[in-house]
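Results of the structural survey
Next come the chains, spelled out residue by residue.
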Amino acid sequence: MLNPRQIEAFRTVIVTGGVTAAAQALHISQPAVTRLIHDLQYSLGLKLFAKRGTRLVPTSEALSLYREVERQFVGLERIERAAKNLREGQSGRLRIAALPTFNVGFLPRILGRFMLDRPGLETAIYGSISSQVVEWVASGFCDVGFAQGPLDFPNIEVDMLTPVPGAAVLPEGHRLAEKSVLEPEDFIGEPFVSLEQTTPMRYRIDAIFSSAGITRQTRVETPLSMIACGLVAAGAGVAIVDPFTAFEFSGRGVVVRPFRPAVLYEIGVVWASGRFRSALALDFADEMRAAVAERADDNAASEV
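It should be emphasised that the depicted structure is a prediction, and the values quoted were computed from it without experimental measurement.

1. Examining helix α6 (residues 106-116)
Every buried residue belonging to α6 is among Phe106, Leu107, Ile110, Leu111 and Phe114, and all of these are buried. Buried residues in α6, looked at end-on, bunch into an arc of 115°, giving them a common side. Residues of α6 that are exposed and point over 90 degrees away from its buried face: Arg113 and Leu116.

2. A closer look at unusual backbone geometry
Geometrically, the link from Arg260 to Pro261 is a cis peptide bond, its omega value of 0° lying close to zero. With respect to the secondary-structure elements, Pro261 resides in the loop between β12 (254-258) and β13 (264-265). Backbone geometry places His27, a non-glycine residue, at a positive phi of 60°. Relative to the assigned elements, His27 resides in the loop between α2 (19-26) and α3 (30-44). With relative accessibility at 71%, the residue His27 sits in the exposed group. We note that Asn155 has phi near 65°; this positive angle belongs to a residue other than glycine. When you line up the elements, Asn155 lands in the loop between β5 (144-148) and β6 (156-160). Residue Asn155 is classed as exposed on the basis of its relative accessible area, which comes to 55%.

3. Some thoughts on the pattern of salt bridges
Scanning the entire structure with this criterion turns up 14 salt bridges. In this structure, Arg277 engages Glu157 in a salt bridge whose closest nitrogen and oxygen atoms are separated by 2.5 Å. Here Arg277 is found in the loop between β14 (267-272) and α11 (279-302), whereas its partner Glu157 is found in strand β6, with 120 residues between them in sequence. Ionic pairing is found between Arg204 and Glu266, a salt bridge with its closest N-O pair at 3.2 Å. Of this pair, Arg204 sits in helix α8 (residues 200-211) while Glu266 sits in the loop between β13 and β14, and the two are 62 residues apart along the sequence. Where salt bridges share partners, they join Arg202, Asp206, Arg216 and Glu221 into one cluster.

4. Section: the nonpolar core
By size, the foremost hydrophobic cluster in this structure holds 46 residues, and its most contacted members are Phe102, Leu107, Phe146, Phe187, Phe259 and Phe284. If we ignore the near neighbours within four places in the chain, the residues touching Phe102 are Leu107, Pro108, Phe146, Leu161, Phe244, Ile267, Met288 and Val292. The next biggest cluster of nonpolar side chains, apart from the first, holds 18 residues, and it includes Phe10, Ala23, Leu36 and Tyr66.

Rules behind the numbers
Residues numbered from 1 in each chain as written. Predicted model: local features only at pLDDT ≥ 70, side-chain atom pairs only at ≥ 80, totals over all residues. Heavy atoms only, no water. Buried < 20%, exposed > 50% of the residue type's maximum accessible area, 1.4 Å probe, protein only. Helix = DSSP H or I, 4+ residues; strand = E, 2+ residues; numbered from the N terminus. Arc of directions from axis to C-beta. Salt bridge = Lys/Arg side-chain N within 4 Å of Asp/Glu carboxyl O. Core = buried A, V, L, I, M, F, W, Y, C linked by side-chain atoms within 4.5 Å. Contact = heavy atoms within 4.5 Å.

Structure, rendered in structure tokens:
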């Protein structure tokens, strides 16, 4: 039976051009290399090298054998390289679930940058409401998810990201755009585009206006901030939406202003309980955590 060490010595002698260089590459002595080559020739019944002065020159049989050996080593090197890339998070497959707020633009930008340094990475992104995001992650269909808090579901673990305050969105040219910050009383008499009652943010907005004793003139309801922003851009009214969607629509027929008191928009990173978290998923979650914190800092700076 062939000895893998003999094959390695044989290949190294041909690649490096001699026994001395092969010994250095293999970190063994020259006599050890010579012994490995001798034993290989004996096992194969072939003369693999001929002496030419002080050098060993491969025979035609050796060159033919080398071509076969090299195919095997290329395969092994590919396996080692693939394992290294997986270990270092440079390749693999990452399945992400996120609510539409993130998918409208924020998450794809972060993921695009994330993929630039990982040319071997394959990804899949799925978008839906928070409960569906949780289901996809809990079932193992997705590796990591991003959903709106609070998240009181079984079989998941949640890491909350930095809360970011929601924003008021107005049609371009609207009279309220002259103000730097909007408050509940500014919305008196204004047609209002509201999020549906199924959204956590709707409850927080309602509570703020109720505490201020102000009734809005709700003209239309929608579960999605992107639809609300589209309606605002078309002049259907004003709205208060999450900061990520507001940012995407800023300058597209929409003016964005801070709203006080703050309506905090909270996103959690969703993991399946007891399931292995891949290095890729953990790294991407860290990228998103940093990006959300940066967005929160930018919002705070813009209100100073």
